[in-house]
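Per-entry structural report
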Amino acid sequence: MKNLKYILVGIVFGLALTKGEAISWYRIQQMFHFESFHMYGIFMTAVPVGALGLILIRKFQVKTFSGDIVEMPKKEYHHGVILGGLIFGFGWTLTGACPGPLYAQIGAGYSVTIVTLLAAIAGTWFFGLLQKYLPD
Amino acid sequence: MDFLYKPWPWYVAGPIIGLTVPLLLLMGNKRLGISSSLRHICAACVPASIPLFNYDWKKELWNLYFVGGVLIGGVLGGIVFTDGTTELMPREYFNWSELSTSRGLIMMVGGGFMVGFGTRYARGCTSGHGITGLAALQWPSLVATMSFFLGGILFTYLLLPYILAL
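Bear in mind that the values here come from a model prediction, so they are computed numbers and not experimental data. (Residues numbered from 1 in each chain as written. Chains lettered and ligands numbered in written order. Predicted model: local features only at pLDDT ≥ 70, side-chain atom pairs only at ≥ 80, totals over all residues.)

A look at the overall build of chain B
What counts, and what does not: Numbering of helices and strands starts at the N terminus; helices are DSSP runs of H or I of at least 4 residues and strands are runs of E of at least 2. Partly exposed residues are those falling between the two cut-offs: more than 12 but fewer than 20 other C-beta atoms within 10 Å of their own, whereas 20 or more means buried and 12 or fewer means exposed, with C-beta atoms placed from the backbone.
When you go through chain B residue by residue, the secondary structure sums to eight helices and zero strands. Listed by position from the N terminus, the elements making up chain B come as α-α-α-α-α-α-α-α. With respect to the three principal axes, the spread of C-alpha positions in chain B is 50 × 45 × 30 Å. Within chain B, the fraction of its 166 residues that count as buried is 51%.

Take a look at the structure:
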C-alpha cells in the first residue's frame, strides 16, 4: 500500500499538534487574546523550518524519493482568501480547531467533536453548492 | 520517556510540524493541506453535480490516509501518552448534552460549519496557507493567514463573550 506511509507522517503530525496543544481550545483563546506566546512560537518555528527545507530542496535540486522533480507549492490570490479566511477565523475561535485539530480532537478523546468535523464537511459542501454565487 | 507524557513546548512541536512540509514533498510531491480532506470526503460521499466535487478524488487518497494518521496521533497524544493533567477542551462547552443548547449548537455546529465553508472558500487552511504557503513564500497565503487571524480576533472580542454567556 503506497499510501500507508502517509498514515505514519499523519501520526507524527497529529502527535505534534496534540502534544504541542495546537488542538487546545484554551491555547487558541490565549492566542487571540495575545495572552501567551505559545501558538505564535509554533508558527514562528514551523514556517522557517519548512521554508528552510524548501530552500535546501531547491538549492541542491533534491529529487523525491522516487526520483521525480519536486514541484514547489503555489497559491494564487483570489478574494476568497480574505472572505473565506475571515469566516474560517470565526469558526476557529468557536471550535478551537482548524482542520487538522478537527481530527486530532476526536482522537484525543473529545468524542463530541465528531459533530464539529461533520459540520465542517457540511460547510465545505455548502460552499461548493453556493460557489457560483459568491465573489471569487 | 517522561518527555512523551508532558505537553511539548512550542520549540519542539513547531519544527516537527514545519518538517512535514518538505517531507511530504520528498515522499511523493504531496502538499501539506488538511482542509482538502473535507473536500475529498464531499467528493467521495455526496458529490451531487457540484463542480467543486466532481474530480477523481481517489488520486488524492493519500490525504485521507494522512488525516486518519492525524486522528491516531490525537489518540496517542491525548489518551496514551498523557500525564492526565492537561485538559485541551472545556468540557462544559464541548459535551453531547450541550448540543441541545443554543450555545452548543453555535459553537460546535455553527463553528464547524464556518471552518469548513471558510477554508474551502480560501482554498486552504492553517496548514495549506499558514504553514505550507508561507514556507513557500506565497504572498496570497500571507493575506490568507492574516485574514484567519483578523477573523478570529474580531470574533473573539466582539461576539464570543456573548455566546459563552448564553
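More follows now that the structure is in view.
What to know about the overall build of chain A
Filter applied, for reference: Once C-beta atoms are placed from the backbone, any two residues with those atoms within 7 Å are in contact.
Within chain A, the regular secondary structure consists of six helices and zero strands. Principal-axis analysis of the C-alpha atoms gives chain A an extent of 45 × 40 × 35 Å. Buried residues in chain A amount to 54% of all 136 residues. Sequence-distant contacts, at least 24 apart, represent 43% of the contacts inside chain A between residues at least 6 apart.

Some details on the environment of Gln105(A)
Checked against the element boundaries, Gln105(A) lands in helix α5 (residues 99–107). Along the primary structure Gln105(A) and Leu17(A) are separated by 88 residues, whereas in three dimensions their C-alpha atoms are 9.7 Å apart.

Examining the domain arrangement of chain B
Accessible area lost when the parts come together is the quantity often used to give the size of an interface. Residue and element names in this part refer to chain B. Applied cut-off: Domain start and stop points were drawn from an automatic or database domain assignment.
Here chain B is partitioned into domain 1 (1–88) and domain 2 (89–166). Using only C-alpha atoms to locate each centre, domain 1 and domain 2 end up separated by 17 Å. Contact with domain 1, which involves twelve residues of that partner, is made by eleven residues of domain 2. Mapped onto the side of domain 1 that touches domain 2, the elements with two or more residues apiece are α2 (10–28) and α3 (35–45).

So, the interface of chain A and chain B
Stated formally: Nonpolar residues are Ala, Val, Leu, Ile, Met, Phe, Trp, Tyr, Cys and Pro. Charged residues are Asp, Glu, Lys and Arg, and all others, Gly as well, are polar.
Counting residues at the interface gives 96 residues for chain A and 102 residues for chain B. Mapped by element, the contributors of at least two residues to the side of chain A that touches chain B are α1 (4–19), α2 (25–32), α3 (38–59), α4 (80–95), α5 and α6 (113–130) of chain A. Here the side of chain A that touches chain B gets 16 residues from one element, more than from any other, and that element is α4(A). Here the residues of the side of chain A that touches chain B sort into 56 nonpolar, 32 polar and eight charged.

Quick notes on the nonpolar core
Going by this rule: To define a nonpolar core, we join buried Ala, Val, Leu, Ile, Met, Phe, Trp, Tyr and Cys residues through C-beta atoms within 7 Å and take the resulting set.
One finds Ile42(A), Phe88(A), Tyr103(A), Ala120(A), Ala13(B), Ile17(B) and Ile131(B) to be the most contacted residues of the largest nonpolar core, which totals 86 residues. Residues from two domains meet in this core; each of domain 1 (1–88) and domain 2 (89–166) of chain B gives at least three. Among all residues touching Ile42(A), those that are not within four sequence positions of it are Gly20(A), Ala22(A), Trp10(B), Ala13(B), Gly14(B) and Ile17(B).

Section: unusual backbone geometry
You will see that Phe34(A), though not glycine, has its phi angle at about 55°, which is positive. Looking at the element boundaries, Phe34(A) is found in the loop between α2 and α3. Overall, Phe34(A) belongs to the exposed group, with 9 C-beta atoms counted inside 10 Å. The residue Ala48(B) is not glycine, and still its phi comes out positive at about 45°. Turning to its location among the elements, Ala48(B) is positioned in the loop between α3 and α4 (61–80).

Here we look at the packing of α3(B) against α4(B)
All names here are of chain B. The condition is simple: Here an angle of 0 to 180 degrees is reported between the N-to-C directions of two axes, which are lines fitted to C-alpha atoms, with helices fitted over the stretch in contact. Note that the term roughly parallel is reserved for angles under 35 degrees, roughly antiparallel for angles over 145, roughly perpendicular for angles of 65 to 115, and oblique for everything else. Crossing chirality is assigned from the near helix's rotation relative to the far helix, an anticlockwise turn below a right angle marking it left-handed and a clockwise turn marking it right-handed.
The geometry of α3 relative to α4 is characterised by a closest axis approach of 9 Å and an angle of 120° between their N-to-C directions. By the angle class used here, α3 and α4 are oblique. In this structure, the crossing between α3 and α4 has a hand that is left-handed. Of the residues in α4, those in contact with Ser36, Ser37 and His40 of α3 are Asn63, Leu64 and Val67.

Concerning the packing of α1(A) against α5(A)
Residue and element names in this part refer to chain A. The geometry of α1 relative to α5 is characterised by a closest axis approach of 10 Å and an angle of 80° between their N-to-C directions. Between α1 and α5, the angle falls in the class roughly perpendicular. Here α1 contributes Gly14, Leu17 and Thr18 to the contact with α5, which in turn contributes Gly100, Pro101, Tyr103, Ala104 and Gly107. Broken down by class, the residue content of the contact of α1 with α5 amounts to four nonpolar, four polar and no charged.

Observations regarding the environment of Gly116(B)
By the element assignment, Gly116(B) lies in helix α5 (residues 102–121). Among the residues examined, Gly116(B) registers 33 C-beta atoms within 10 Å and is labelled buried. Along the primary structure Gly116(B) and Pro51(B) are separated by 65 residues, whereas in three dimensions their C-alpha atoms are 17 Å apart. Other than its neighbours up to four places away in sequence, Gly116(B) contacts Ala119(A), Ala120(A), Ile121(A), Ala122(A), Gly123(A), Thr124(A) and Leu38(B).

Here's the deal with the environment of Gln138(B)
Of note, Gln138(B) is situated in the loop between α6 (126–135) and α7 (139–158). Excluding residues within four positions of it along the chain, Gln138(B) makes contact with Lys74(A), Lys75(A) and Gly133(B).

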